[in-house]
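Here is how the chains run, residue by residue.
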Amino acid sequence: MLFFLVSILSFLLFSKSLPLHPLSSAWANESRMLSTLFWQELVCFLLNSLMSSCRSVITCEFGITSRMFPKKKSAPKVANIEELALEPSILDLPELALECILGRLSPDGLCNMAAVCSSLRDKCRSDHLWEKYMREKWGRVIGRAAIREWELYLASSNDSLSDVGGGRSKMWIRALSCVWPLSWLKSGIGSSKKMKTTLPDDSIMSWYLAIESGKFSFPSQVYNREHGHVGFMLSCYDAEVCYDRRTDTFRARYPPHGRRTVVIEEGVHWDRIRAPPVDTAAHALHISDCLNDLVPGNHVEIQWRRNKEFPYGWWYGVVGHLESCDGNEHFCRCHLSDMVVLEFNQYTPGSRWRQALINRKDHREEGNETDGFYGGIRKLQSKEEISKWRQIWPSDALE
């Protein structure tokens, strides 16, 4: 540093001692070049000195800080990790014991346990653990039609996923390749394949959670539709239902018919929902296989609709006696007749809805635009089904 200051001073004194008369052009050019080189060297020197000083200060402060706040030793951490590794895990239990524990968990407990690790996730998703909960909670409202609807739901989800990774993705890749780096696009495509794990799969757990969350609507049947409207008393109609976890009720969506648009009913309670007992569409005629077995006193459900544009509903009735029979069971011959009397005792005597007469030998849809059309018949075999109709019996007779 001292040597450099002496050189600067000598150069300044030398410049002062130069004559005042004009110099030759050659000497002037050499002087300007020398001056330029000198100032460049001076600037470089000062910058290097400043940087050296900053490094010295940082190094000094870092040393002081290190002495004031020494680093913690890492040996205890290693010891703690080794101690944790020695602690027992639930996965160390025998397979049978672990299955017994998981089998006692609730659905929410299984979901929480599945989030612990990949091993427990696979075990908690096992179908045999969820079959019990599926049967207990949804068994009486889920039928074969709902199973088919779930299969279609899965197929549509898989198709939409393949569309995302198929031809349409190539179109936007070409459009964005001029803006984004190709490596970014490839990483985005790779991550989109992981979406499959978030979509529904064919496990019972996924089906249970899809119904529980209300994401999956399924076909079922509703007793006394539209909040027990008088025109639908003691009937059961097809509807698409969706569960509402907040209120523990269902939302029913009835298909349009005639001039009526779609009807939606909120707050349908569990006791008004049932799985369809037969696999017959709402507009299809049920093929009756019990006509020859019907005798007075049998409980039945019969299809009925207002006109040809309406869907069928299932209406509760009882097989009655012919007019020629006095009702004495010892002399009754009604079961030998080709005609069967159906009684709907929820209606007052004399009402045109009180009785219907059908032919057991050549039964097909019968009726007219005034009294409606009667379709297929199913005989009620279980006391539970009969008791259900008795529970929703109207308090007053219908006209």
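Scroll up a little and you will see the structure.
The structure presented is a predicted model; accordingly, all values stated were derived computationally and were not measured. (Residues numbered from 1 in each chain as written. Predicted model: local features only at pLDDT ≥ 70, side-chain atom pairs only at ≥ 80, totals over all residues. Heavy atoms only, no water.)

J.: What exactly am I supposed to notice about the packing of helix 4 (residues 95-103) against helix 7 (residues 127-138) here?
T.: Geometry of a packed helix pair, given as the angle between the helix axes and the separation of the axes. Their axes nearest at 10 Å, the elements helix 4 and helix 7 cross at an angle of 25°. Relative to helix 7, the element helix 4 is oriented roughly parallel. In the crossing of helix 4 with helix 7, the sense of the turn from one axis to the other is right-handed. Between helix 4 and helix 7, the residues in contact are Glu99, Leu102 and Gly103 and His128, Leu129, Lys132 and Tyr133, respectively. Of the residues that constitute the contact of helix 4 with helix 7, the class distribution is three nonpolar, two polar and two charged. (Axes fitted to C-alpha atoms, helices over the stretch in contact; angles between N-to-C directions. Helix = DSSP H or I, 4+ residues; strand = E, 2+ residues; numbered from the N terminus. Parallel < 35°, antiparallel > 145°, perpendicular 65-115°, else oblique. Left-handed = near helix turned anticlockwise from the far one by under 90°. Contact = heavy atoms within 4.5 Å. Nonpolar A, V, L, I, M, F, W, Y, C, P; charged D, E, K, R; others polar.)

J.: Could you clarify how one ought to interpret empty space enclosed by the protein in this entry?
T.: If you roll a probe as big as a water molecule over the atoms, it shows you where there is empty space left. Taken as a whole, this structure holds one cavity of 30 Å³ or more when the rule is applied. Here the largest cavity defines a volume of roughly 40 Å³. The wall of the largest cavity is formed by Leu294, Val295, Pro296, Val319, Gly320, His321, Leu322, Cys334, Met339, Val340, Val341 and Arg360. Put simply, the parts of the chain that give the lining of the largest cavity at least two residues each are strand 7 (313-320) and strand 8 (339-343). Of the residues forming the lining of the largest cavity, the biggest block, three residues, is contributed by strand 8. The residue makeup of the lining of the largest cavity, split by class, is nine nonpolar, two polar and one charged. (1 Å grid on protein atoms, 1.4 Å probe; cavity = no way out; pocket = protein on both sides within 12 Å on 5 of 7 lines; lining within 4 Å. Points joined across faces, edges and corners; volume = space filled by probe spheres on them.)

J.: I tried to follow the state of the cysteines on my own but got confused; where do I start?
T.: Two cysteines, two sulfur atoms, one covalent bond between them: this is a disulfide. What the rule picks out here adds up to zero disulfides. Counting only cysteine sulfurs, Cys124 is the nearest neighbor of Cys111, a cysteine outside any disulfide, at a range of 8.5 Å. (Disulfide = S-S within 2.5 Å.)

J.: Would you mind showing me how to read the pattern of salt bridges here?
T.: Side chains that carry opposite charge are capable of pairing whenever their charged atoms lie near each other. For the structure on display, the rule yields 15 salt bridges. With a shortest N-O distance of 2.8 Å, Glu212 and Lys137 are connected by a salt bridge. Taken together, the residues span a long stretch of sequence, with Glu212 in helix 11 (residues 204-212) and Lys137 in helix 7 at a distance of 75 residues. For Lys137, a relative accessible area of 23% translates into the label partly exposed. (Salt bridge = Lys/Arg side-chain N within 4 Å of Asp/Glu carboxyl O. Buried < 20%, exposed > 50% of the residue type's maximum accessible area, 1.4 Å probe, protein only.)

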